[in-house]
Amino acid sequence: MFKRSLILFATAIFLISCGVSKEIRDQRNLLSGTWNLDDVRYENNEGMFKAVVFNDADAICFEGSNWFFRDNNSTGRYTIKEGSLCQGGDRFIRWSVIKNPADYNSQLQFKFIDEKRKDVSGGLGYRLTIAELTDTEMTLKSNVTVDAKPVTVVYEFSKQ
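Here we summarise the structure given alongside this text. (Residues numbered from 1 in each chain as written. Predicted model: local features only at pLDDT ≥ 70, side-chain atom pairs only at ≥ 80, totals over all residues. Heavy atoms only, no water.)

Phi at Asn55 takes a positive value of approximately 55°, unusual for a residue other than glycine. Secondary-structure assignment places Asn55 in the loop between strand 2 (52–53) and strand 3 (57–58). Residue classification places Asn55 among the exposed positions, given a relative accessible area of 66%. Phi at Arg117 is positive, roughly 70°, even though this residue is not glycine. The exposure class of Arg117 is partly exposed, given its relative accessible area of 46%. (Helix = DSSP H or I, 4+ residues; strand = E, 2+ residues; numbered from the N terminus. Buried < 20%, exposed > 50% of the residue type's maximum accessible area, 1.4 Å probe, protein only.)

Here it is, written out as structure tokens:
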């Protein structure tokens, strides 16, 4: 009986330690819903930039895009408006929030999936640092290199 209790106790401790932290759960709950990407801008470098974002479309196409995050199954989508420079439509994603072990910042990570929730990117995905996340606003950042110099791409969202 003691051995069985010890095994159950050890299993419970293991499951608790593998669970998602309260901070990550709170961020997932805040992320859940519909967001508008209001602005894409650049920090840490001067000059004009033309960037293809998420290997999908020019950064200008993302301004005004609509993003939806469903937290109960970690799926979502973003929708780009059709335009002369932009291939409009829905892009489906699977997403999560993680803690970056290098600097302990939370990150939103996602990869592309199809309508049937199957991976279409061969495991390739994207990570953006969560710089700010409230009930109404979200700022995500990603670091890239342009001409061997660092540039931070900043995405500013408002909740719908």
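Now that the structure has been shown, we can carry on.
This part covers empty space enclosed by the protein. The tally for this structure, following the rule as stated, stands at one cavity of 30 Å³ or more. Every residue along the wall of the largest cavity is listed here: Leu37, Phe54, Trp67, Phe69, Leu108, Leu128, Leu140, Tyr155 and Phe157. Elements that contribute at least two residues to the lining of the largest cavity include exactly strand 4 (66–70) and strand 10 (149–159). (1 Å grid on protein atoms, 1.4 Å probe; cavity = no way out; pocket = protein on both sides within 12 Å on 5 of 7 lines; lining within 4 Å. Points joined across faces, edges and corners; volume = space filled by probe spheres on them.)

What follows deals with the side chain of Ser65. Within the element layout of this structure, Ser65 appears in the loop between helix 3 (59–62) and strand 4. Relative accessible area serves as the criterion here: at 0%, Ser65 is assigned to the buried category. Side-chain polar atoms of Ser65 contact the backbone oxygen of Phe62, separated by 2.6 Å. Sequence-distant contacts of Ser65, defined by excluding residues within four places in its chain, comprise Trp35, Asn36, Leu37, Thr79 and Ile80. (Polar contact = N/O pair within 3.5 Å; in protein donor to acceptor, adjacent residues only side chain to side chain. Contact = heavy atoms within 4.5 Å.)

Once that is clear, we can look at the pattern of salt bridges. One pass over the structure, following the stated rule, counts seven salt bridges. Linking Asp56 and Arg91 is a salt bridge whose minimum nitrogen-to-oxygen distance equals 2.9 Å. Pair noted here: Asp56 is in the loop between strand 2 and strand 3 and Arg91 is in strand 6 (residues 89–99), with a separation of 35 residues, a long-range link. In this structure, the salt-bridge partner of Asp119 is Lys111, at a minimum N-O distance of 3.7 Å. In this structure Asp119 comes out as partly exposed when scored by relative accessible area, which is 34%. Residues joined in a network through salt bridges with shared partners are Arg41, Glu43, Lys141 and Glu156. (Salt bridge = Lys/Arg side-chain N within 4 Å of Asp/Glu carboxyl O.)

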